[in-house]
Amino acid sequence: MKIGICSDHAGFDYKDRIISYLLGKGYDVVNFGTDSEDSCDYPDFAHALGTAVDNGEVDCGIALCGTGNGMAITLNKHKKVRAALVWGVSLASLAKEHNNANVLVMPARFISYRMALACIRTWISTEFAGGRHQRRVEKI
Ligand code: RB5
């Protein structure tokens, strides 16, 4: 599975560590920046990831900023993106089970790194439930 990942300066530290974690688990990871803690604008990186999802260059994505809101708002402008803002494992599970979220967005300033990894593991391993949820996703 090819996973795209991006952050702004607020999510940079977690992004860096998450990339190492995912590579260690054998995932193919594409880093869309940012690549330092210098102040930057989250849409620049969210659009890069969103475009890659739209074009099928990655199978899914992970995005981090301070609150997660800037990333989620921007990513959801992309036609094929279903970005879910998640800060706990039940939300991570439901984001896939009910919404088939293909981008996991997390608020780096409001969750621990340990929780971010737990959310990623849960989101990756959960299956979309389909059925009535498929109908709802199609209506988006
Ligand atoms: C950066 O200070 C902050 O605004 C950004 O990381 C994010 O929270 C925006 O939604």
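In the block above lies the structure referred to throughout.
Everything in this summary refers to the structure shown in the same document. (Residues numbered from 1 in each chain as written. Predicted model: local features only at pLDDT ≥ 70, side-chain atom pairs only at ≥ 80, totals over all residues. Heavy atoms only, no water.)

## With respect to unusual backbone geometry
(1) Moving on: The omega torsion across Gly33 and Thr34 is 0 degrees, close enough to zero to call that bond cis.
(2) Moving on: By the secondary structure assignment, Thr34 is in the loop between strand E2 (28-31) and helix H2 (42-54).
(3) Moving on: For Asn100, which is not a glycine, the phi torsion comes out positive at approximately 50 degrees.
(4) Moving on: As for its position among the elements, Asn100 is in the loop between helix H4 (89-97) and strand E5 (103-107). (Helix = DSSP H or I, 4+ residues; strand = E, 2+ residues; numbered from the N terminus.)

## As for the environment of Tyr42
(1) Moving on: Relative to the assigned elements, Tyr42 resides in helix H2.
(2) Moving on: A relative accessible area of 34% places Tyr42 in the partly exposed class.
(3) Moving on: If sequence neighbours within four positions are ignored, Tyr42 has contacts with Asp8, Gly70, Met71 and Thr74. (Buried < 20%, exposed > 50% of the residue type's maximum accessible area, 1.4 Å probe, protein only. Contact = heavy atoms within 4.5 Å.)

## A look at the sheet that holds strand E3 (residues 60-65)
(1) Moving on: Spatially, five strands are ordered E2-E1-E3-E5-E4 in an open sheet, and the strand pairing comes out parallel. Bordering the open sheet on either side are E2 and strand E4 (83-85), each of which pairs with just one other strand. Strand-to-strand twist across the sheet, computed as the mean angle between neighbouring axes with direction ignored, equals 20 degrees.
(2) Moving on: Running over the sheet, helix H1 (residues 12-24) touches strand E1 (2-7), E2, E3 and E5 and is turned about 165 degrees from E1.
(3) Moving on: Sitting on the sheet, H2 is in contact with E1, E3 and E5, with an inclination near 165 degrees to E1. (Pairing = 2+ DSSP bridges. Axes fitted to C-alpha atoms, helices over the stretch in contact; angles between N-to-C directions.)

## Notes on the state of the cysteines
(1) Moving on: All told, the structure shown has zero disulfides when counted by the stated rule.
(2) Moving on: Left unpaired, Cys60 is separated from the closest cysteine sulfur, that of Cys6, by 12 Å. (Disulfide = S-S within 2.5 Å.)

## Examining the packing of aromatic side chains
The geometry of two aromatic rings is summed up by the distance between their centres and the angle between their planes.
(1) Moving on: Applying the stated criterion across every chain yields a total of one aromatic pair.
(2) Moving on: With centroids separated by 5.6 Å and ring planes inclined at 65 degrees, the aromatic side chains of Tyr14 and Tyr113 adopt a geometry described as edge-to-face. Here Tyr14, found in helix H1, pairs with Tyr113, found in helix H5 (residues 113-125); they are 99 residues apart in sequence, far enough to count as distant. Neither Tyr14 nor Tyr113 differs from the other in exposure class; each is buried.
(3) Moving on: The side chain of Arg17 reaches across the aromatic face of Tyr113, ending 4.0 Å from its centre.
(4) Moving on: The ring of Trp123 has Lys96 lying over it, and the distance from NZ or CZ to the ring centre is 5.4 Å. (Phe/Tyr/Trp six-rings, centres within 6.5 Å; stacked < 30°, edge-to-face > 60°. Lys NZ or Arg CZ within 6 Å of the ring centre and 35° of its normal.)

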